[in-house]
Amino acid sequence: MKKTTILLTCALACALWGNAQQARQDIARDVNLAASNYVAYRGPQKVLTPAPKGYVPYYISHYGRHGSRYLIGANSYDVPYRTLLRADSLGQLTSTGREVLEKVRLMREEASGRDGELTLLGSQQHHQIARRMYERFPEVFAGKTNIDARSTIVIRCILSMGSALQELASINPQLDIRHDASYHDMYYMNDENSK
């Protein structure tokens, strides 16, 4: 029995290892993937599976995260900027390094006073998500359909929700849209109970 368990464990480990993500190859194909969770959402890359015969969509429950945001904490912009500025003052930057310094300076200026706020791209992402939902499931959004949207109290989340709702309302002005962002709903949307 012990031998069988060990063999099965080894076989499972080999199978998992063989199917593991190939991060290095993925990043070599697209260097932007090295940014991990800071890569801007690209939207779906696969075709949807059609509904089974005889079934039609009638309801959508969407639980999403805020769109792309500015980094949180001034150091996220200040440290790279100051590091490159110091290297430049010591004559250590190449022409490409000076181009990077300029780009970092521009990003730092753009992000000033916007700690963690939604970016224009973040707003556009939610407009696009709502449009895809509408285009893929028009029967769900037909006529005077009710929409109930909730957000956490974080402004980037509220603005993300608003962007999606604006898009839906622009496509179908008959929609009955209700939305809220309140501490009342935080217990299930952003549960911080460590248990």
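Residues numbered from 1 in each chain as written. Predicted model: local features only at pLDDT ≥ 70, side-chain atom pairs only at ≥ 80, totals over all residues. Heavy atoms only, no water.

**Student:** What's the story with the overall build of the chain in this structure? I'm lost.
**Tutor:** Each helix and strand in the chain was counted, giving seven helices and two strands. For the chain, the α and β elements follow one another from N to C terminus as α-α-α-α-α-β-α-β-α. Burial statistics for the chain: of 195 residues in total, 25% are counted as buried. Sequence-distant contacts, at least 24 apart, represent 75% of the contacts inside the chain between residues at least 6 apart. Carbon and sulfur atoms form 56% of the exposed surface of the chain, whose accessible area is close to 15000 Å². (Helix = DSSP H or I, 4+ residues; strand = E, 2+ residues; numbered from the N terminus. Buried < 20%, exposed > 50% of the residue type's maximum accessible area, 1.4 Å probe, protein only. Contact = heavy atoms within 4.5 Å. Areas by Shrake-Rupley, 256 points an atom, 1.4 Å probe, with all protein chains shown as cover.)

**Student:** Help me out: how do you make sense of the packing of aromatic side chains in this one?
**Tutor:** Each aromatic ring pair is described using two quantities: the centre-to-centre distance and the angle formed by the ring planes. Inspection of the entire model under this criterion finds two aromatic pairs. Judged by centre distance (5.2 Å) and plane angle (75 degrees), the rings of Tyr 187 and Tyr 188 are edge-to-face. Among the residues examined, Tyr 187 registers a relative accessible area of 61% and is labelled exposed. Tyr 188 gets classed as partly exposed once you look at its relative accessible area, which sits at 41%. (Phe/Tyr/Trp six-rings, centres within 6.5 Å; stacked < 30°, edge-to-face > 60°.)

**Student:** Any chance you could explain the pattern of salt bridges here in plain terms?
**Tutor:** Pairing is possible between side chains of opposite charge, provided their charged atoms come close. Taken as a whole, this structure holds eleven salt bridges when the rule is applied. With a shortest N-O distance of 2.7 Å, Asp 78 and Arg 108 are connected by a salt bridge. Of the two residues, Asp 78 sits in helix H3 (residues 75–89) while Arg 108 sits in helix H4 (residues 95–111), which places them 30 residues apart along the sequence. Arg 150 is the salt-bridge partner of Asp 185, the closest N and O atoms lying 3.0 Å from each other. Of this pair, Asp 185 sits in the loop between strand S2 (176–181) and helix H7 (186–189) while Arg 150 is found in strand S1 (residues 146–151), placing the two residues 35 residues apart along the sequence. Residue classification places Arg 150 among the partly exposed positions, given a relative accessible area of 37%. Connected through salt bridges with shared partners, the residues Asp 78, Arg 82 and Arg 108 form a single ionic network. (Salt bridge = Lys/Arg side-chain N within 4 Å of Asp/Glu carboxyl O.)

**Student:** For this particular structure, what's the right way to read the side chain of Thr 152?
**Tutor:** Looking at the secondary structure, you find Thr 152 in the loop between S1 and helix H6 (155–171). By relative accessible area, which is 11% here, Thr 152 ends up buried. For Thr 152, the residues in contact, after removing those within four places along its chain, are Cys 157, Ile 158, Ala 181, Met 186, Met 189 and Asn 190.

**Student:** I keep staring at the packing of helix H5 (residues 120–136) against H6 and nothing clicks. Help me out?
**Tutor:** The relative placement of two packed helices is expressed as an angle between their axes plus a distance between the axes. Closest axis-to-axis distance for the H5/H6 pair is 8 Å, and the angle between their directions is 45 degrees. The orientation of H5 relative to H6 falls into the category oblique. Relative to H6, H5 is oriented so that their crossing is right-handed. Contacts from Ser 123, His 126, His 127, Ala 130, Arg 131 and Tyr 134 in H5 reach Ser 160, Ser 163, Ala 164, Gln 166, Glu 167, Leu 168 and Ile 171 in H6. Along the lines of polarity and charge, the residues of the contact of H5 with H6 split into five nonpolar, six polar and two charged. (Axes fitted to C-alpha atoms, helices over the stretch in contact; angles between N-to-C directions. Parallel < 35°, antiparallel > 145°, perpendicular 65-115°, else oblique. Left-handed = near helix turned anticlockwise from the far one by under 90°. Nonpolar A, V, L, I, M, F, W, Y, C, P; charged D, E, K, R; others polar.)

**Student:** Would you explain the pairing of S1 in this entry?
**Tutor:** Two faces, one strand: in a regular strand the side chains alternate between the faces of the sheet. Side chains Ile 147, Ala 149 and Ser 151 project from S1 onto a buried face, and the interleaved Asn 146, Asp 148 and Arg 150 project onto a face without burial. Crossover connection from S1 via H6 to parallel S2: handedness right-handed. (Right-handed = clockwise from strand over helix to strand, strands pointing away.)

**Student:** I tried to follow the packing of H3 against H4 on my own but got confused; where do I start?
**Tutor:** Orientation of H3 relative to H4, taken along the N-to-C sense of each, is 145 degrees, at an axis distance of 9 Å. As H3 runs across H4, the sense of the crossing is left-handed. Of the residues in H4, those touching H3 at Tyr 77, Asp 78, Pro 80, Tyr 81, Arg 82, Leu 84, Leu 85 and Asp 88 are Arg 98, Val 100, Leu 101, Val 104, Arg 105, Met 107, Arg 108 and Ala 111. Partitioning the contact of H3 with H4 into residue classes produces ten nonpolar, no polar and six charged.

**Student:** I would appreciate a short explanation of a nonpolar patch on the surface in the present structure.
**Tutor:** A surface patch of nonpolar side chains, amounting to about 240 Å² of accessible area, comprises Ile 27, Val 31 and Leu 33. Looking at the secondary structure, you find Leu 33 in the loop between helix H2 (23–29) and H3. Residue classification places Leu 33 among the partly exposed residues on the basis of a relative accessible area of 34%. (Patch = residues over 30% accessible without salt bridge, like charges linked within 9 Å, V, L, I, M, F, W, Y side chains within 5 Å.)

Purely spatial values, then, with no claim about function.
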